[in-house]
Amino acid sequence: MTTATAAPRTNSPRPENHRPDKPQTTEPPQNPPTFLSDPYPTLARMRQSAPVSVLHSDGGLRLWIIPRYADVRAALFDPRFAQDVRRAQALADSRVEGVNLGTEITHMLSSDPPDHTRLRRVVQAAFSRKRVEAMRPMVERITLELLDGLDAAAARHTTPTTTATVDLVRDFAFPLPILVVCELLGFPPEDRDLYRTWSTAIVTQEGDHAAFRRAVQEMGSYVLAIADRRLRRNDRPADLLTELVAARERGELTDDEIVGMVALLLIGGHETTVNLLGTSCLALLRDPGQAAWLRADLTRMPGAVEEFLRYDSPICMATTRFTTEPVDVGGVEIPQDEFVLLSLGAANRDPARFQDPDRLALDRRDAGHLAFGGGIHRCLGALLGKLETEIALTALLTRFPGMTLACQESDLRWRNTMMLRGLEALPLTLRR
């Protein structure tokens, strides 16, 4: 469960002209849709050519991309790579015009210590191993209810000559984690499409800063209205929003920080799982042998989820960082005050760390992936995201072991962002 600070678009990166003492760079993808559908050849070229590549965003902002596993892991734990979004915005403004890094939202991923430490302390207990495991019955109930809905829809639309299809993303992968987050926060589940609209505008941007700001304003008004109603209740429910309201009463959170915290939970609470469920199912459909191995013993699912996370990481690029002093990465010096992207997707396919990394191997037994980041910013909801995926895939394969892709793979549409790795839709034919 994670979310990205709003980042400059890099769907069509342009290479910088380098002097011999500069880092090498690979050619950028000439066809962005091709890169979105399969970024790994381009990421492999970056990884092989140099420890750092320098690209420009569509707005002209210089970005240093680190693709190798050892370097990415080291950077995740290195405090010289800062994430304070206000400082980052000031840097961006001094270089180019019109870049929006998301200063309208204040949350843990856009903060450095001591603010980050304070904000994380408020909510970290809610995502402890014990608390997450206690959510298992709730996640199982929501999963089965959604599968019953898929079953009913399939029955209504199946005829002797046709077989019903469903969109796994729309009908299952999206509602599952968002309903879990709604229960966690005590939010109305009927507003889940609204949450998805805000999430898309905030995370992907697609160059529309007005839509980004509108989504932030609408979400902020919505969250604070619910928080104020909660404050006036004598019988406050035992949910996470109530805990946030209590923290505000104690002077530990501001209104803006409550909005930012809820934004992080609403957006990060479903983006990772939505993407992971879609890419995991697609990986199984591509590889019948691995699918058969997993169906033969579904108790293997926890290990399989770790491999799904490594193989097609739901977050391809970690949140934007900037250097607070010069940093040496593999013999290349990144100067102070430069923007850096850590490619989790490239790191998790690094042959220097994983044997035969481009092959899905559900029995790999190596959970050293970086899909949830690392260091102080490691995804707070990692345990919940893995629990949701484990339960969802187990139930899906049990109910519909014969499901097949209902379109040509070339017709699948991918999220229009380099930060996230996920499908817009996954049409499936359900078969038992």
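Preceding this section is the structure that the text describes.
Quantities reported herein were computed from a predicted structural model and do not represent experimental measurements.

Undergrad: Which residues make up the overall build of the protein chain, and what are the values?
TA: Looking only at helices and strands, one finds 17 helices and 11 strands in the protein chain. Taking all 432 residues of the protein chain together, 58% fall into the buried category. In the protein chain, the share of contacts with a sequence separation of at least 24, taken over all contacts with a separation of at least 6, comes to 73%.

Undergrad: An account of the pattern of salt bridges is needed here, citing residue identities and associated values.
TA: One pass over the structure, following the stated rule, counts 29 salt bridges. The closest approach of N and O atoms between R248 and D228, which form a salt bridge, is 3.4 Å. Here R248, found in helix α12 (residues 240-249), pairs with D228, found in helix α11 (residues 209-232); they are 20 residues apart in sequence, far enough to count as distant. Here R415 and E271 are joined by a salt bridge, their closest N and O atoms 2.9 Å apart. Here the residue R415 occupies a position in the loop between β10 (404-405) and β11 (427-429), and E271 occupies one in helix α13 (residues 255-286), the gap between them amounting to 144 residues. By the burial criterion, R415 is buried, and E271 matches it. Salt bridges sharing common partners tie together R62, R95 and E338.

Undergrad: An account of the pairing of strand β3 (residues 62-66) is needed here, citing residue identities and associated values.
TA: The element β3 is extensively covered by neighbouring structure, given that 4 of its 5 residues are classed as buried. Where strand β2 (residues 53-56) meets β3, 4 bridges bridge the pair, whose relative direction is antiparallel. Within β3, the residue paired with L55 across the bridge is L63. Taking the residues that link successive antiparallel strands as the turn, the β2-β3 hairpin has 5 residues, and the phi of G60 there is positive, at about 95 degrees. Where β3 meets strand β9 (residues 339-342), 4 bridges bridge the pair, whose relative direction is parallel. Opposite I66, over in β9, you have L342 as the bridge partner.

Undergrad: So, the packing of aromatic side chains: which residues are in play, and what are the values?
TA: If you walk through the whole model with that rule in mind, you get 6 aromatic pairs. Taken together, a centroid distance of 5.7 Å and an interplanar angle of 90 degrees make the contact between Y69 and F354 edge-to-face. Linking Y69 in helix α3 (residues 69-76) with F354 in the loop between α16 (344-347) and α17 (382-399), this pair joins segments that are 285 residues apart in sequence. Overall, F354 belongs to the buried group, its relative accessible area being 1%. By way of ring pairs, the aromatic residues F187, Y195, W198 and Y222 are connected into one cluster.

Undergrad: Which residues make up the environment of F127, and what values do they have?
TA: Its place among the elements puts F127 in the loop between α5 (115-123) and α6 (129-134). Taking relative accessible area as the criterion, F127 reaches 4% and is therefore assigned buried.

Undergrad: Please give an account of helix α4 (residues 85-95) that cites residues and values.
TA: Residues of α4 that are buried: V85, A88, Q89, L91 and A92. Down the axis of α4, the smallest arc covering the buried residues is 160 degrees, so these residues share one side. For α4, the secondary structure elements touched by its buried residues are β6 (321-323) and β9. Sitting at the amino-terminal end of α4 is D84, which places a side-chain oxygen 3.0 Å from the backbone nitrogen of R86.

Thresholds applied
Residues numbered from 1 in each chain as written. Predicted model: local features only at pLDDT ≥ 70, side-chain atom pairs only at ≥ 80, totals over all residues. Heavy atoms only, no water. Helix = DSSP H or I, 4+ residues; strand = E, 2+ residues; numbered from the N terminus. Buried < 20%, exposed > 50% of the residue type's maximum accessible area, 1.4 Å probe, protein only. Contact = heavy atoms within 4.5 Å. Salt bridge = Lys/Arg side-chain N within 4 Å of Asp/Glu carboxyl O. Pairing = 2+ DSSP bridges. Phe/Tyr/Trp six-rings, centres within 6.5 Å; stacked < 30°, edge-to-face > 60°. Arc of directions from axis to C-beta. Polar contact = N/O pair within 3.5 Å; in protein donor to acceptor, adjacent residues only side chain to side chain.

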